[in-house]
Amino acid sequence: MQQILEAIQAGASGDDLANLPVPESYRAAFVKADEVDMWEGVESADKDPRKSLHVDEVATPELAPDEVYVAQMASAINFNTVWTSIFEPLPTFGFLKRLGKESTWGARHDLPYHVVGSDGAGVIVKVGSAVRNWKPGDKVTIHCNHVDDQDPTAHDDSMLAANQRIWGFETNFGGLADLTVVKANQLMPKPTHLTWEEAACNALCNSTAYRMIVSQHAGAMKQGDAVLIWGATGGIGGYATQYVLNGGGTPVGVVSSPERAELLHALGCEHVIDRKANGYQFWADEHTQDEKEWRRLGKDVRALIGRDPEIVFEHPGRSTMGASVFVAARGGKVVTCAATSGYMIEYDNRHLWMKLKSIVSSHFANYREAWAANQLIADGKVQPLLSRVYPLTEVGDATLAVHRNETEGKVGVLCLAPEEGLGIDDPAKREAIGEDKITLFRRAG
Ligand SMILES: NC(=O)c1ccc[n+]([C@@H]2O[C@H](COP(=O)([O-])OP(=O)(O)OC[C@H]3O[C@@H](n4cnc5c(N)ncnc54)[C@H](OP(=O)(O)O)[C@@H]3O)[C@@H](O)[C@H]2O)c1
């Protein structure tokens with residue numbers, strides 16, 4: 001990989017890159033199948049990804065005709081790597097086994113180790129024989145929607161495809177590595193004004209927020225809509241806030257500290273609720289929700305914007321869903337993509353049906369949505385939310401920080417990139433967009 005890195009740094013042509021040998025092994029972050037029981041009896045919060053995530057050499061898989069090898073300059077931590085590393089709600093090896101049974105190429109994924117990671121930016125070094133639109137030397141970002149397009153179910157909205165998977169979570173050979181293998185239909189052009197780590201941190205969370213807020217498949221936000229955003233300085237929440245502002249909506253962002261409230265104001269969100277300072281107790285005990293507390297949140301939202309939110313951007317799950325359904329406006333939507341605090345959800349259905357609200361599910365994004373979201377980053381209309389950067393060797397620490405809710409925005413990981421700040425091809429565009437906007441979260445982190 002060192003030879004490939006040196007060629008990239010020297011500005012080698014695509015042909016030169018294509019002529020370099022792809023190494024037989026590469027450095028990657030992975031969990032091991034023989035360790036899935038290591039957390040028996042340990043509380044979720046105490047499970048430490050530094051113990052389950054290993055960084056070592058793994059064998060380079062063969063390249064399928066519709067795939068490319070990407071030399072990964074940088075990647076990022078997503079919450080799915082937290083789930084994989086604590087083996088919750090279940091170990092991801094079951095996903096790899098199922099994929100392994102699908103096809104000859106799928107069988108490559110069924111291994112006793114799982115290379116994790118669902119984001120990345122890098123340089124294509126080799127393309128499979130069926131790849132048309134990409135070539136060695138292209139600088140790319142990678143989205144994580146892994147779809148077999150020979151399946152008819154993949155041809156309306158590919159998120160409805162029966163074989164839809166998340167790369168690096170439900171497939172092997174993920175992004176937290178020096179090399180990755182992805183399908184050509186996961187590739188998008190790297191925004192030219194960003195560093196490798198800024199370019200690598202967006203695709204998963206940015207595309208997810210795009211679908212949840214903008215897309216007709218989920219939020220379909222209109223100008224003037226008010227949107228309550230849980231975790232508004234978090235990974236998906238920080239992009240959601242930008243989409244609401246860009247689309248002429250009114251975000252009400254929820255955070256859990258004065259520092260995060262300040263950061264959210266700096267992002268342009270006027271209306272902020274500090275959930276910790278307000279001390280909401282939506283659950284009176286483990287089994288009982290407290291409607292008075294939902295009402296208190298509703299009153300706090302009305303005190304800020306004078307009305308109820310047409311959309312609630314929901315992902316904490318069990319801890320907030322009852323409140324989210326309650327505070328949504330009559331006819332409003334709760335758009336949900338996750339359940340960080342627990343997936344067995346409880347809400348009062350009377351508040352849903354009597355006020356004609358709906359719960360809309362959303363999951364990542366199809367290629368078209370991911371491409372549109374990437375274009376907005378490339379145009380400087382949505383900013384990367386990189387707050388911290390770790391080397392690949394410290395991927396466990398990076399994942400632990402996300403697991404403990406210690407980070408804002410996105411946590412970047414340097415793979416082949418030897419240091420931060422490399423990879424900017426269009427400094428004039430960067431200057432025009434504004435260094436202060438691009439690095440807002442990095443300065444806070
Ligand atoms: N389906 C999909 O395609 C998809 C895509 C991306 C992410 N996700 C999921 O979405 C969730 C959030 O991902 P992320 O990347 O945004 O994570 P993140 O960067 O850790 O941000 C989550 C934010 O949620 C808030 N939060 C956490 N627990 C909460 C609770 N119990 N009650 C209220 N707020 C809480 C925190 O903000 P404060 O503490 O400041 O309030 C935190 O900043 C994860 O479960 C992830 O797996 C799903």
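Not measured: the values here are computed from a predicted model. Numbering of residues starts from 1 in each chain and follows the order in which that chain's sequence is written. Since the coordinates come from a predicted model, pLDDT governs what is reported: local features require at least 70, and pairs of side-chain atoms require 80 or more to be given and counted, while whole-chain, interface and lining totals use all residues. As a rule here, side-chain values come from all non-hydrogen atoms in the structure, and water together with hydrogens is ignored.

Draft legend 1. Representation of the sheet that holds strand β4 (residues 113-115) in the model. Spatially, the three strands line up as an open sheet ordered β2-β1-β4, and their pairing is antiparallel. Across the chains shown, the open sheet's two edge strands, defined by having one partner strand only, are β2 (54-59) and β4. Neighbour-to-neighbour, the strand axes of this sheet turn through a mean angle of 60°, independent of strand direction. Note: two strands are recorded as paired if DSSP finds a minimum of 2 bridges between them. Where helices and strands are cited, they refer to DSSP runs of H or I of at least four residues and of E of at least two residues respectively, numbered from the N terminus. Where strand β1 (residues 25-32) and β2 come together, six bridges link them in antiparallel fashion. Note on definitions: angles span 0 to 180 degrees between N-to-C directions of axes, and those axes are lines fitted to C-alpha atoms, for helices only across the stretch in contact.

Draft legend 2. Geometry of the sheet that holds strand β17 (residues 333-336). Read across the open sheet, the six strands follow the order β13-β12-β11-β16-β17-β18; overall the sheet is parallel. Edge strands, defined here as strands with exactly one partner in the open sheet, are β13 (271-274) and β18 (358-361). Geometrically, the sheet is characterised by an average inter-axis angle of 20° between neighbouring strands, direction not taken into account. Examined bridge by bridge, strand β11 (residues 226-229) and strand β12 (residues 250-255) share four bridges and lie parallel to one another. By the bridge assignment for β12, Ala226 is matched with Thr250. Of the strands in this sheet, β11, β16 (311-314) and β17 touch helix α8 (residues 203-213), which is tilted by about 155° from β16. In the packing of helix α12 (residues 291-305) onto the sheet, the strands contacted are β11, β12 and β13, and the crossing angle to β13 comes to about 150°. In this description, contact between two residues means that some pair of their heavy atoms is separated by no more than 4.5 Å.

Draft legend 3. Spatial organisation of the environment of Ser75. Among the structural elements, Ser75 can be located in strand β3 (residues 67-77). Relative accessibility under 20% of the residue-type maximum defines a buried residue, over 50% an exposed one, and the middle range a partly exposed one, all with a 1.4 Å probe and only protein chains included. The class for Ser75 is buried, based on a relative accessible area of 0%. Taking the C-alpha atoms as reference points, Ser75 and Leu187, 112 residues apart in sequence, are found 14 Å from one another. Apart from the residues lying within four places of it in its own chain, the contact partners of Ser75 are Asp119, Gly120, Gly175, Leu176, Ala200, Gly412, Val413 and Cys415. Any N or O atom pair separated by 3.5 Å or less is treated as a polar contact, with the protein-specific requirement of one donor-capable and one acceptor-capable atom, and with residues adjacent in sequence counted only for side-chain atom pairs. Here Asp119 takes part through its backbone oxygen, which lies 2.7 Å from a polar atom of the side chain of Ser75. For Ser75, the side chain forms a polar contact with the main-chain oxygen of Gly175, separated by 3.3 Å.

Draft legend 4. Seen up close, the site of the ligand. Think of it this way: one heavy atom of a residue within 4 Å of a molecule or strand is enough to make that residue near it. The ligand sits among 25 residues. The nearest are Ile236, Ser256, Arg275, Thr340 and Phe364. Contacts to the ligand include Arg260, whose side-chain N or O atom sits 2.9 Å from an oxygen atom. Taking Arg275, its side chain carries an N or O atom lying 2.7 Å from an oxygen atom of the ligand. Taken by itself the ligand offers 910 Å² of open surface, and the protein chains cover 89% of this. Elements with a minimum of two residues in the shell around the ligand: α4 (79-85), α8 and α9 (235-246). Here the shell around the ligand takes three residues from α8, the largest share from any one element. The nonpolar class holds Ala, Val, Leu, Ile, Met, Phe, Trp, Tyr, Cys and Pro. Asp, Glu, Lys and Arg form the charged class, and all remaining residues, Gly among them, are polar. Here the shell around the ligand is built from residues that sort into ten nonpolar, 13 polar and two charged. Each accessible area is a Shrake-Rupley result for a 1.4 Å probe, and residues are judged covered by the shown protein chains and nothing else.

Draft legend 5. Structural detail: the packing of aromatic side chains. Only Phe, Tyr and Trp rings take part, Trp by its six-membered ring, and two of them pair if their centres are within 6.5 Å. Stacked means planes under 30 degrees apart, edge-to-face means over 60, and tilted covers everything else. Scanning all chains against the criterion turns up nine aromatic pairs. Both rings, one in Trp294 and one in Phe326, keep their centres 6.0 Å apart while their planes meet at 40°; by these two values the pair is tilted. Here Trp294 is found in helix α12, whereas its partner Phe326 is found in helix α13 (residues 321-327), with 32 residues between them in sequence. Whether a charge lies above a ring is judged from NZ of Lys or CZ of Arg, which has to be within 6 Å of the ring centre and within 35 degrees of the ring normal. The ring of Trp196 carries Lys190 above its face, with NZ or CZ at 5.2 Å from the centroid.

Draft legend 6. Quick look at the layout of surface pockets. Using a grid of 1 Å spacing that covers the protein atoms alone, one calls a set of points a cavity when a 1.4 Å probe fits there but cannot get out, and a pocket when the set is open and has protein on both sides within 12 Å along at least five of seven lines; lining residues are those with an atom within 4 Å of a point. Grid points are joined across faces, edges and corners, and a volume is the space filled by probe spheres set on the points. As a volume, the second largest pocket reaches approximately 900 Å³. Of all the secondary-structure elements, those providing two or more residues to the lining of the second largest pocket are α6 (104-107), β7 (145-146) and α15 (367-378). The element that contributes the greatest number of residues to the lining of the second largest pocket is α15, accounting for three residues. The residue makeup of the lining of the second largest pocket, split by class, is twelve nonpolar, 13 polar and twelve charged.

Draft legend 7. Geometry of the side chain of Asp48. Mapped onto the fold, Asp48 is located in the loop between β1 and α3 (49-52). Of the polar contacts made by the side chain of Asp48, one reaches the side chain of Arg50; its length is 2.7 Å. Once residues lying within four places of it in the same chain are set aside, the contact partners of Asp48 are Trp39 and Leu400.

Draft legend 8. Looking closely at the environment of Val36. Relative to the helices and strands, Val36 resides in the loop between β1 and α3. Given a relative accessible area of 22%, Val36 falls into the partly exposed group. Considering only alpha carbons, one finds Val36 and Gly168, 132 residues apart in sequence, at a separation of 17 Å. Every residue in contact with Val36, bar those within four places of it in the chain, is listed here: Phe87, Pro91 and Phe93.

Draft legend 9. Just the pairing of β11, in detail. Residues Ala226 and Leu228 of β11 are buried on one face, and the alternating residues Val227 and Ile229, pointing to the opposite face, are buried as well. Seen with its strands pointing away from the viewer, a crossover is right-handed if its path from the first strand over the helix to the second goes clockwise. Following the backbone out of β11, through α9 and into the adjacent parallel β12, one traces a crossover that is right-handed.

Draft legend 10. Expanded view of the nonpolar core. Among buried residues, those of type Ala, Val, Leu, Ile, Met, Phe, Trp, Tyr and Cys that are joined through side-chain atoms within 4.5 Å constitute a nonpolar core. Grouped together as the largest cluster of nonpolar side chains are 92 residues, with contacts concentrated most on Tyr26, Leu187 and Tyr239. Setting aside its immediate chain neighbours within four residues, Leu187 contacts Val68, Val70, Ile124, Trp134, Val140, Thr141, Ile142, Val182, Tyr367 and Trp371. Leu228, Val312, Met321 and Val327 belong to the second largest nonpolar core, which has 22 residues in total.

Draft legend 11. Summary view of the packing of α8 against α9. Where α8 meets α9, the closest approach of the two axes is 8 Å, and the angle between their N-to-C directions is 50°. Taken together, α8 and α9 sit at an angle that is classed as oblique. With respect to the hand of their crossing, α8 and α9 are arranged in right-handed fashion. Of the residues in α9, those in contact with Cys205, Asn206, Thr208, Ala209, Tyr210 and Ile213 of α8 are Gly235, Ile236, Tyr239, Ala240, Tyr243 and Val244. Partitioned by chemical class, the residues of the contact of α8 with α9 number nine nonpolar, three polar and no charged. The cut-offs work like this: below 35 degrees is roughly parallel, past 145 is roughly antiparallel, 65 to 115 is roughly perpendicular, and the gaps in between are oblique. It is the rotation of the near helix from the far one that decides the hand of a crossing: anticlockwise by less than a right angle makes it left-handed, clockwise makes it right-handed.

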